[in-house]
Amino acid sequence: MSNEATGALNARSTGADAGNLGYLALGLTLLAYGLLSTGIFSGTAVGDSARLAHVVGGLTLFIAGLWQFRGGEGFTGTAFTSLGAFWATWSTASGAHKNAAGLFLLLWALLALTLTAASWNAGLFSRAVYGLLTVSLLLSALAAFNTSGGLAKAAGWVAAASGLTAWYWATASLTNSAWGRDALPVK
């Protein structure tokens, strides 16, 4: 095997982790969902943008999750594929009855709670991302059941905080890896 081919294999084996891609997709999708749920943006284009963000984020997460499973990463594989399915499905949920939407969000809050518990020993960022996601989905479910704009806005801000945390975590990981030192703190 040539040196060039060996280098390609080594690059592929060390670069096969899709965790950063998954956390970037999760972060940006949560930011879109969160900020759009707060009501600081309005109009028809906002709804279209939200659906597009959820579909793109959902598909990216799903693909990143499958990639993680292939690399033997059960936790992030489970987290990304399931959350990818959630976002892709949620993008089509406009017009759903409030009880159906509330139940859907509540059930996904249970999945987020499972992810929070499973990630507890993984560090502060992992707990923050999944813990805030759990709270956001729970508040979103309660908002849907009660048709409460105030709870929906609160859920949006919590989702945005979760999204920022996931985005920062992936950005720090990518930056630190590329620079070969801790340029952005992750502890």
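This section reports on the structure supplied with the text. (Residues numbered from 1 in each chain as written. Predicted model: local features only at pLDDT ≥ 70, side-chain atom pairs only at ≥ 80, totals over all residues. Heavy atoms only, no water.)

1. Examining the environment of G19
Now for step 1: Counting through the fold element by element, G19 comes out in helix α2 (residues 19-38).
Now for step 2: A relative accessible area of 9% places G19 in the buried class.
Now for step 3: Along the primary structure G19 and G77 are separated by 58 residues, whereas in three dimensions their C-alpha atoms are 8.8 Å apart.
Now for step 4: Filtering out sequence-adjacent residues up to four positions away, G19 remains in contact with Q68 and F80. (Helix = DSSP H or I, 4+ residues; strand = E, 2+ residues; numbered from the N terminus. Buried < 20%, exposed > 50% of the residue type's maximum accessible area, 1.4 Å probe, protein only. Contact = heavy atoms within 4.5 Å.)

2. Examining the packing of aromatic side chains
Now for step 1: Scanning the model with the defined rule gives 13 aromatic pairs in all.
Now for step 2: Ring geometry for F86 versus W87: centroids 4.7 Å apart, planes at 65°, classification edge-to-face. Just as F86 is buried, W87 falls in that class too.
Now for step 3: Judged by centre distance (6.2 Å) and plane angle (15°), the ring pair of F86 and W90 falls under stacked. With F86 and W90 both in helix α4 (residues 74-90) and 4 residues apart, the pair spans about one turn of that helix. Note on accessibility: F86 and W90 belong to one class, buried.
Now for step 4: By the ring-pair criterion, three or more aromatic residues cluster together here, those being Y23, F75, F80, F125, Y130, Y168 and W169.
Now for step 5: Across the ring face of W120, the terminal group of R127 is positioned such that the distance to the ring centre comes to 5.1 Å. (Phe/Tyr/Trp six-rings, centres within 6.5 Å; stacked < 30°, edge-to-face > 60°. Lys NZ or Arg CZ within 6 Å of the ring centre and 35° of its normal.)

3. A few points about the packing of helix α6 (residues 124-146) against helix α7 (residues 149-179)
Now for step 1: Relative orientation of the contacting elements α6 and α7 amounts to 160°, with a least axis distance of 8 Å. The angle between α6 and α7 places the two elements in the roughly antiparallel class. Helix-helix and strand crossings are classified by hand; for α6 and α7 the assignment is left-handed. Contacts between α6 and α7 involve F125, S126, A128, V129, L132, L133, V135, S136, L139, S140, L142 and A143 from the first element and L151, A152, A154, A155, V158, A159, A161, S162, T165, A166, Y168 and W169 from the second. (Axes fitted to C-alpha atoms, helices over the stretch in contact; angles between N-to-C directions. Parallel < 35°, antiparallel > 145°, perpendicular 65-115°, else oblique. Left-handed = near helix turned anticlockwise from the far one by under 90°.)

4. As for unusual backbone geometry
Keep in mind that most residues, glycine aside, have a negative phi and that most peptide bonds are trans.
Now for step 1: For T147, which is not glycine, the phi torsion reads 50° and is therefore positive.
Now for step 2: The topology assignment puts T147 in the loop between α6 and α7.

5. Regarding the layout of surface pockets
Now for step 1: Estimated volume of the second largest pocket: approximately 270 Å³.
Now for step 2: Taken together, 13 residues make up the lining of the second largest pocket; nearest its centre are D17, G19, Y23, T76 and W169.
Now for step 3: Broken down by class, the residue content of the lining of the second largest pocket amounts to 5 nonpolar, 6 polar and 2 charged. (1 Å grid on protein atoms, 1.4 Å probe; cavity = no way out; pocket = protein on both sides within 12 Å on 5 of 7 lines; lining within 4 Å. Points joined across faces, edges and corners; volume = space filled by probe spheres on them. Nonpolar A, V, L, I, M, F, W, Y, C, P; charged D, E, K, R; others polar.)

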